[in-house]
Amino acid sequence: MRAATFRTPSALPGFGLAFGITMMMLSILVIIPIGALLLRGVDIGAADLWKTIHTERVWTSLRLSFGISLLAALFNLVFGLALAWVLARYRFPGKRLVDAAVDLPFALPTAVAGIALTALYAPNGAFGQILAPLGIKVAYTPLGIFVALVFVSLPFVVRTVQPVIEEIEREVEEASATLGAGRWRTFRRVILPMLTPALLTGFALALARAVGEYGSVIFIAGNLPYQSEIAPLLIVIKLEEFDYNGAVAIAIAMLVISFAMLLAINLVQVWSRKRLGS
């Protein structure tokens, strides 16, 4: 006689109802909009899509958007980890204030962030006046875009890594030290492997946030074609010109590139988890 199996009662609805609600909301919010975009691309045709994308201005804006977004995500990967470590492991005056400030880009409207950064880094701004004699110009250059993208994407790395650091017991570091390992070796061989999945998740979130950023960038970028014009801005320009096919073509290009980059990061994340588990 087959033994009866019992499931642990759950506070949420059963699998069928929960799965149905999840798929319905996912379809309404994600799948249907993306599907509509792709269907519009099919109507336009591959040849016309490629003709619109394969121009110097579009390629320059795509390289600028994805290149600077990648640099900003890598920057936040390093300094976001350092900030998360400080917040998780140390006590100091003003810690709660710093911890709250990390979440500020989440709550601050992106347009406000762009205006504030422009006011600071403009040639007559507080920071711009200091950097100008050194020959460093931030506002209205790709460097300004980098600063804006670092600002808006930093919390994703910090808030993803910080809880993992807090869960790592100090005894792990002490055990490594008793075995003769120095600080750098302990971090590289013990701490970093445990943080790698969270770091990759934070990096992917920061990259995705930076690629789609618009509000804070348009104020500090200068928006000069072939120099500081990002792809989201070019899409808006196409819409204002009633060139809907052109806007769809650039949007599809961004969708494909973003999906490829995030897929690669997820594959690396899966590989790192398997390696950590083994």
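This write-up is about the structure you can find in this document. Please read these numbers as outputs of a predicted model, since none were measured by experiment.

**Remarks on the overall build of the protein chain**
In terms of regular secondary structure, the protein chain is built from 13 helices and zero strands. Going from N to C terminus, the protein chain has its helices and strands arranged as α-α-α-α-α-α-α-α-α-α-α-α-α. Dimensions of the protein chain, computed from C-alpha atoms along their principal axes, come out at roughly 65 × 65 × 30 Å. Taking all 278 residues of the protein chain together, the buried fraction comes to 36%. Restricting the contact set of the protein chain to residue pairs at least 6 apart, pairs at least 24 apart contribute 75%. For the protein chain, the accessible area works out to roughly 17,000 Å², and carbon and sulfur atoms hold 68% of it. For the protein chain, the centre of its 22 positive side-chain charges and the centre of its 16 negative side-chain charges are spaced 8 Å apart.

**Re the nonpolar core**
Membership of the largest hydrophobic core comes to 40 residues, with the highest contact counts inside it found for Leu62, Val161, Ile165, Leu195 and Met254. Those elements giving two or more residues to this core turn out to be helix H2 (46–53), helix H3 (56–89), helix H8 (142–167), helix H10 (183–211), helix H12 (231–240) and helix H13 (244–277). Each residue touching Ile165, except ones within four places of it in the same chain, is listed here: Leu81, Ala84, Trp85, Ala88, Arg89 and Leu195. Listed in part, the 20 residues of the second largest apolar core include Val138, Ile145, Val217 and Ile237.

**Examining helix H1 (residues 15–44)**
Under the 1.5 Å per step criterion, the end-to-end length of H1 is 40 Å for 30 residues, consistent within 8% with the ideal 44 Å. Immediately downstream of H1, the backbone of Gly45 shows phi near 100°, a positive value.

What counts and how
- By convention here, each chain's residues receive numbers from 1 onward along its written sequence.
- In view of the model being predicted, local features appear only for residues whose pLDDT reaches at least 70, and side-chain atom pairs are presented and counted only at 80 or more, with totals across whole chains, interfaces and linings using the full set of residues.
- Only heavy atoms go into the side-chain values, all of them from the structure, while hydrogens and water stay out.
- Each helix corresponds to a stretch of at least 4 residues labelled H or I by DSSP, and each strand to a stretch of at least 2 residues labelled E; elements are numbered beginning at the N terminus.
- The buried label goes to any residue with under 20% of its type's maximum accessible area, the exposed label to any with over 50%, and the partly exposed label to all in between, with areas taken from a 1.4 Å probe on protein chains only.
- Only heavy atoms enter the contact rule, under which two residues are in contact if any of them lie within 4.5 Å.
- Every accessible area reported is derived by Shrake-Rupley at a probe size of 1.4 Å, with residue values counting cover from the shown protein chains alone.
- Counted charges follow a simple rule, with Lys and Arg positive, Asp and Glu negative, and His plus the chain ends left uncounted.
- The atoms used to mark charge sites are NZ of Lys, CZ of Arg, CG of Asp and CD of Glu.
- Only buried residues count toward a nonpolar core, which is a set of Ala, Val, Leu, Ile, Met, Phe, Trp, Tyr and Cys residues joined through side-chain atoms within 4.5 Å.
- Expected span of a helix: the number of residues minus one, times 1.5 Å.

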